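Chain by chain, the residues run as shown.
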Amino acid sequence: MNKKIKLKMYQDMVRLRRFEENVKDLFAANKLPGFVHLYIGEEAVAVGACNAINPDDYITSTHRGHGHVLAKGARPDRMFAELFGKSTGYNKAKGGSMHLAAPELGILGANGIVGAGLPLATGAAMTSKLTGNKKVALCFFGDGASNQGTFHESINIAAAYNLPCVYICENNMYAGGVKQYFDGEYVNEGMDYPRKVKDVAERAKGYDIPGVIVDGNDVEAVYDAVKKAVDRARNGEGPTLIECKTYKWRTHYEVEPDSYRTKEEVARWKALDPIKRYAVKLSDENVIQENDIKRIAAEVEDEMNSAIKFAEDSPLPDVSEALQDVYA
Ligand SMILES: Cc1ncc(C[n+]2csc(CCOP(=O)(O)OP(=O)(O)O)c2C)c(N)n1
Ligand SMILES: [Mg+2]
């Protein structure tokens, strides 16, 4: 991996983190309508994965989607505008946080329906196969979504037709407040957990496709696994299921009480901060110096401040537009 990609991935993770820290503060200040689910702590997954594909490849996302959308190349000013409900947002304020979409960038949408991105990505991969456009679809979804019927139906058809789709499960250990497995020895007695298998990747066996487990807080490990799966998909060898073990630092959605997990558990995962870990690794490799870290932080600060200003200064949509671009 060359130095340029490493530096870009570091900067991208800082951009995702600062975008969302700003969303957190703006939401707390009552400046954003609706709900927000934050991705803080999981940045290595979106950044590692999106740097392993081409700008015109497809992604589908989730209710926790700001990171995927930003990592795939969306502009923070138009993203903030969408969150603020302004007419300059990617979807003229009709998408908001959970339905941010930019098809012109291959971003087929964040999605408020758990598991709904899986058939969309599979359909995009089917388009690619039928038209021969050589594009690959990356499908981000959560551990909870892997218990939905859409997961099984989508992977079944993608496997059967060798579709160019890479299924990326972000196992952040919880679906809402429901723990997916005990973070240590796995003992599932009765109804403790909503899944019998410890690892989601295990389910790949049922579809005869590769199932890979990756440290989701290690951006290069994610990049390598996704690159391999993408090359395979582009060569017509079919889909891969990649399970990234990670953790959400904030609670399920902003302002929900964080009552379902211990402070010690959260602290243990915060110590595995994907951004700090990568800064240490890149300094050890002499790829990055202290002044680069400061420069990147300052650049990202400027980018986010002007993006927020753009959103704040933008007009609200006119009431006459209320029924435009509405299909259902
Ligand atoms: C079909 C459907 N069922 C339930 C919900 C309510 N809901 C929203 S997020 C969520 C948990 C999703 O967990 P996971 O897929 O692990 O994603 P995470 O929030 O951990 O990123 C649930 C049950 C929903 N939005 N859609
Ligand atoms: Mg989850």
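Everything discussed here concerns the structure shown above.
No experiment lies behind these values; they were computed from the predicted model shown.

(A) Main features of the nonpolar core. C139, V166, I168 and I242 are the most contacted members of the largest nonpolar core, which totals 86 residues. What I242 contacts, discounting residues up to four positions off in sequence, is V166, Y167, I168, C169, V212, V214, A225, V226 and A229.

(B) Molecular detail of the pairing of strand 3 (residues 165-171). Extensive coverage of strand 3 is indicated by the burial of 7 of its 7 residues. As paired strands, strand 2 (residues 137-142) and strand 3 are joined by 6 bridges and run parallel to one another. Paired with G142 across the bridge in strand 3 is E170. For the handedness criterion, the β-α-β arrangement of strand 2, helix 6 (residues 149-160) and strand 3 is classed as right-handed.

(C) The arrangement of the site of ligand 1 in detail. In the vicinity of ligand 1, 16 residues are found, and the nearest of them are V114, G142, G144, A145 and A175. Of the residues belonging to the shell around ligand 1, the class tally is 5 nonpolar, 9 polar and 2 charged.

(D) Just the environment of H68, in detail. Mapped onto the secondary structure, H68 falls in helix 3 (residues 66-71). As for H68 and Y39, which are separated by 29 residues in sequence, their C-alpha atoms are 9.2 Å apart. If near-sequence neighbours (up to four positions away) are discounted, H68 is found in contact with A46, I59, S61 and F140.

(E) Inspection of the pairing of strand 6 (residues 211-215) at higher detail. Summarising the sheet, strand 6 and strand 7 (residues 240-245) pair through 5 bridges and their orientation is parallel. Its bridge partner being in strand 7, V212 is matched across the sheet by I242.

(F) Geometry of the packing of helix 5 (residues 117-131) against helix 6. Here helix 5 crosses helix 6 at 15 degrees, and the two axes come no closer than 8 Å. The orientation of helix 5 relative to helix 6 falls into the category roughly parallel. The handedness of the crossing between helix 5 and helix 6 is left-handed. Of helix 6, the residues touching helix 5 (which contributes L118, P119, T122 and A125) are T150, F151, S154, I157 and A158.

(G) Layout of unusual backbone geometry. The phi dihedral of D208 is positive, around 55 degrees, even though this residue is not glycine. Examined against the element boundaries, D208 turns out to sit in the loop between strand 5 (178-179) and strand 6. D208 gets classed as exposed once you count the C-beta atoms within 10 Å, which come to 9. Phi at D325 is positive, roughly 60 degrees, even though this residue is not glycine.

Calculation rules
- Residues numbered from 1 in each chain as written.
- Chains lettered and ligands numbered in written order.
- Predicted model: local features only at pLDDT ≥ 70, side-chain atom pairs only at ≥ 80, totals over all residues.
- Core = buried A, V, L, I, M, F, W, Y, C linked by C-beta atoms within 7 Å.
- Buried ≥ 20, exposed ≤ 12 C-beta atoms within 10 Å, placed from the backbone.
- Contact = placed C-beta atoms within 7 Å.
- Helix = DSSP H or I, 4+ residues; strand = E, 2+ residues; numbered from the N terminus.
- Pairing = 2+ DSSP bridges.
- Right-handed = clockwise from strand over helix to strand, strands pointing away.
- Near = placed C-beta within 6 Å.
- Nonpolar A, V, L, I, M, F, W, Y, C, P; charged D, E, K, R; others polar.
- Axes fitted to C-alpha atoms, helices over the stretch in contact; angles between N-to-C directions.
- Parallel < 35°, antiparallel > 145°, perpendicular 65-115°, else oblique.
- Left-handed = near helix turned anticlockwise from the far one by under 90°.

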